[in-house]
Structure formats: C-alpha cells, structure tokens
Amino acid sequence: MSATKPFTISKQLVMEAYKAVKANAGAAGVDRQSIEDFEKDLKGNLYKIWNRMSSGSYFPPPIKAVEIPKKSGGTRILGVPTVADRVAQMVVKMTLEPYVEPIFLPDSYGYRPGKSALDAIEITRKRCWQYDWILEFDIKGMFDNISHELLLRAVKRHTDCKWVILYIERWLKASLQLSDGTLVERNRGISQGGVASPILCNLFMHYTFDLWMDRTFTQVPWCRYADDGLVHCKTEQEAHRIKAALAKRLAECGLEIHPDKTRIIYCQDTNRQGQYPNTKFDFLGYTFRPRVAKNRKRNKLFIGFMPAISSKALKTMRQTTRKWNLRNRADLGLNEIAQMFNPILRGWYQYYGRFCLSAMNPVWRHFNQTLISWAMKKYRKLRGHRTRAAHFMESIARRQSSLFVHWRSGMVGMFA
C-alpha cells in the first residue's frame, strides 16, 4: 500500500490488461467508444483506470444489454461492458486467476488456459466407449441466477486482496442498460459477456457441482463446460439417481436444472444392442450418436457411438455463408474472396473437422456452390450456364488447390 493510494496496482498490469482486451477485440459498450476510439488517448485512458482503481474510486458504468439469438430458438442477453471497464475487469481477472486456476478440477474445460472445447469432446468420446449411459444436464439461466453471496464467499476463500473483492462486488451490482435506455438493477447473476465472468462462473460451479460431484459420486466421471455438463453412468438407474441428486444440489445453490435440456442417453453401439428412446445428444457443436465406421484391421463395418458436427452447426455455417452474399460480389476476385473468408473457413475446419471430417462435406459443397453462383455473376460467358460454371470452378480448384482451406484437404470435387 502506497502513501497516496489505498491499493497497490501496477501501471504495467493495467497495460498488460489493455493488450489482452485489444487482442480479444469486442464491440463498444454504453459509451459507444470502440477500441480505436479508446486508443486515441491511450495513455490518458489507461492512467484514469489505474488512478481510479488504485484509489478505490472506480465504479463500473452500466453494462450494455444485447439480445443474441439462440440456436434452439429465442434470445439470450449478452452484457457488453465498455472498453475501459473490460480493461479494469482484465486487471482483476489476471490478479485472481493464479489463485483459483490451480484448484479447478481437470474435468472443468470451459474458458480455462490450456484447455479447450475439443479437449472436452475428446474425453467424452473415449468415455462413451467405456460407459453405457450419459446424463446430459443443462442449468437453466445459470449466468442470470448465480448467487452473489455464495460467489463472493468463494472469492474470499481464495484471496484476501481487498481491491479484487471490492471490484468484483461492484461488477456484480452494476446495472444492465436495455436498448431503450432503461436501467435494470441486479441482485443475482453475472454478466454473460464480461471479461471476469468466465472465471467467476467456473469458481461458482467448482463448489456447486465439481467438488460436490467428486465428493458424492467418487467413481463417476463427468465433464463440464460452463453450464453444459455430462455425467457418464454404468446403468440407467444410476443416471436417474444422479439426476435427482443433482437437481436437489443445484436448488440448494439457487440454480435449477433445465427440464427440457436434461436427458438420459443410451450410448448405443455394436456391443450395446438395447433399444431406448434417447440415443444421441449434442455437446459443444457436435452430435454424439451411433455411426457406421470401418475397422481398418479387420476391414469390417461396425456401429460406434461417435461425435461429428451437429446439424445445428451445419445450418448455422450455411446461413453464415449466405450472409456473406458472395454470389453478388462480382467486384471481388477469387484471390480476394480467399483472403477475406479463409480465416473463417479455417476456424470451421480446425474445430469441426477434428472428428469425422467427412461430416463437414455439406458445408464445403454449399460454399463451392456459392462460388459457382459468383462465377456466373462475374463472367458473362457463364451466365445462365450452371454446369459450365461448375466445370470452370472445379478446374480452378484442381489447378490452385491451395487457394481455399477445404480445397487443400482434397475437397475440390464438390462442384457437381
């Protein structure tokens, strides 16, 4: 503690926090200030954050509420803090994380350094081979219903840093500003979209579910990614027993198990011949279900319970391709299109192509068909001649197979 400031926060930490926020990009908050606007007086803006946080006088502005469509229908509220507030939250996150990250359990995968959604998919795939049943659970409105009292109790258990606790408490109480300017006070929940929210969510769920699960059902493996979780069970009866116990546990912590999104699944494969109503589930953009596969050693087909990109994810990706409106961008050359959209295609390929790459063929075929429409619009000789345009694009794909991400992987013959 310095003679002039009640809290010791280094200016270097504020600068590192700003760099992390910039790398993550993000939209403007209620003050409509973008990162570019913030940088116009970078030194002054960072000094204000440091000065106010060090003196204890930093109060977060309202959080901008943005409605985001859900893949399952309806909307959810995403809270968008201002750029300055994101920097302040990052300062707290970077200070708190070294204390809580080491205590998190290995099967908590969401928003953690060194862990990814694909890691969660991989471990789930292996466990589905070992266990016949899965309890798929979802917590109804988890971010909106987290108890402030319980969360702060968990924070105080792992740090006695007064300014970390102070600012977390202020962020929990920060108002939500709706699109019409109305301010909504909050006494429960955390902002889904805040920089500090993921680590606070994990800390809350560490005590609400993770430790409880390891203590209550010591031999039962589980996997959690934020509010989505899976429990692997040996029998259907065990799955029902854990489901009832989990509903009770969540209620004790002020949460509710989602009645429609919580199901018991039978992991059917060649060695599991029973007939049950639920034999598939979606997790992190993948659908796990019985699939035909080939045993390379025996050269025989078998049924395995395996993951592949979900139909919802396929639909979203095709919708994204349509929104690009490439078919009407005759002003662009093919190299420009590749430069603009390869980063997105690469992201799709790296995430959804990890397991069962062939399941992504509908996406690549749809993108190639879009390129055919683009060629018909751009070149007069191809207008009205789709077959000719398809041959034209396929010939380019074979000559320049490195131009697009999926062409490089041999997906050049999907123009028919």
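A short tour of the structure in this document, coming up. (Residues numbered from 1 in each chain as written. Predicted model: local features only at pLDDT ≥ 70, side-chain atom pairs only at ≥ 80, totals over all residues. Heavy atoms only, no water.)

Right, let's get into the overall build of the chain. Each helix and strand counted, the chain has 15 helices and 11 strands in total. Along the first, second and third principal axes, the C-alpha set of the chain runs to 75 × 60 × 40 Å. Residues counted as buried form 50% of the 416 residues belonging to the chain. Taking contacts inside the chain between residues at least 6 apart in sequence as the whole, the part at least 24 apart equals 68%. (Helix = DSSP H or I, 4+ residues; strand = E, 2+ residues; numbered from the N terminus. Buried < 20%, exposed > 50% of the residue type's maximum accessible area, 1.4 Å probe, protein only. Contact = heavy atoms within 4.5 Å.)

With 17 residues, helix α10 (residues 236-252) extends 25 Å from end C-alpha to end C-alpha; this agrees with the ideal 24 Å at 1.5 Å per step. In the core, the buried residues of α10 are packed alongside β3 (133-138), α9 (197-216), β7 (228-233) and β8 (263-266). Looking one or two residues past α10, Gly-254 carries a phi angle of roughly 85°, positive in sign. (Expected span 1.5 Å × (residues − 1).)

Moving on to a positive patch on the surface. Positive charge collects at one region of the surface, where Lys-70, Arg-76, Lys-261 and Lys-312 lie side by side. Along the polypeptide, Lys-70 turns up in the loop between β1 (63-69) and β2 (75-80). (Patch = residues over 30% accessible without salt bridge, like charges linked within 9 Å, V, L, I, M, F, W, Y side chains within 5 Å. Areas by Shrake-Rupley, 256 points an atom, 1.4 Å probe, with all protein chains shown as cover. Salt bridge = Lys/Arg side-chain N within 4 Å of Asp/Glu carboxyl O. Lys, Arg positive; Asp, Glu negative; His and termini not counted. Charge placed at Lys NZ, Arg CZ, Asp CG, Glu CD.)

Helix α13 (residues 361-378) packs onto helix α11 (residues 311-324) with a crossing angle of 15° between their chain directions and a minimal axis gap of 10 Å. In terms of their interaxial angle, α11 and α13 are classed as roughly parallel. Remark: the crossing between α11 and α13 carries right-handed chirality. Residues Leu-314, Met-317, Arg-318, Thr-321, Arg-322 and Trp-324 of α11 pack against Pro-362, Val-363, His-366, Phe-367 and Thr-370 of α13. Tallied by class, the residues present in the contact of α11 with α13 amount to six nonpolar, three polar and two charged. (Axes fitted to C-alpha atoms, helices over the stretch in contact; angles between N-to-C directions. Parallel < 35°, antiparallel > 145°, perpendicular 65-115°, else oblique. Left-handed = near helix turned anticlockwise from the far one by under 90°. Nonpolar A, V, L, I, M, F, W, Y, C, P; charged D, E, K, R; others polar.)

A word on the sheet that holds β8. What the four strands build is an open sheet, ordered β6-β7-β3-β8; its pairing is antiparallel. Across the chains shown, the open sheet's two edge strands, defined by having one partner strand only, are β6 (222-225) and β8. Across this sheet, the average inter-strand angle for adjacent strands is 20°, counted without regard to direction. As paired elements, β3 and β8 share four bridges and run antiparallel to each other. If you follow Ile-134 over to β8, its bridge partner there is Ile-265. Strands β3, β6 and β7 of the sheet are contacted by helix α5 (residues 117-130), whose axis makes an angle of about 155° with β6. Across the sheet, α9 touches β3, β6 and β7, and the angle it forms with β6 is around 170°. (Pairing = 2+ DSSP bridges.)

Let us now look at the sheet that holds β2. Spatial strand order, β2-β1-β4-β5: four strands in an open sheet with mixed pairing. For this open sheet the edge positions go to β2 and β5 (183-184), each flanked by a neighbour on one side alone. The pairing of β1 with β2 spans six bridges and is classified as antiparallel. Of the residues in β2, the one forming a bridge with Glu-67 is Ile-77.

A word on the pairing of β1. With two bridges joining them, β1 and strand β4 (residues 176-177) adopt parallel strand pairing. Residue Ile-63 lies in a different strand from β4, and its bridge partner there is Leu-176.

Okay, the environment of Lys-234 next. By the element assignment, Lys-234 lies in the loop between β7 and α10. In sequence terms Lys-234 and Tyr-131 are 103 residues apart; their C-alpha atoms lie 5.5 Å from each other.

For the rest of this paragraph, the subject is α11. Under the 1.5 Å per step criterion, the end-to-end length of α11 is 20 Å for 14 residues, consistent within 8% with the ideal 20 Å. Those residues of α11 that sit buried are Ala-313, Leu-314, Met-317, Thr-321 and Trp-324. The arc that holds every buried residue of α11, seen down its axis, measures 105°, which confines them to one face. Residues Ser-311, Arg-322 and Lys-323 are exposed on α11 and point more than 90 degrees away from its buried face. Of the surrounding elements, those touching the buried residues of α11 are β11 (300-309), α12 (334-352) and α13. The first or second residue beyond α11 is Asn-325, which carries a positive phi of 55°. (Arc of directions from axis to C-beta.)

A grouping of Val-292, Leu-301 and Ile-303 is seen on the molecular surface, where their side chains present a nonpolar patch of about 300 Å² in accessible area. With respect to the helices and strands, Val-292 occurs in strand β10 (residues 286-295). On the accessibility criterion, Val-292 (58% relative accessible area) is exposed.

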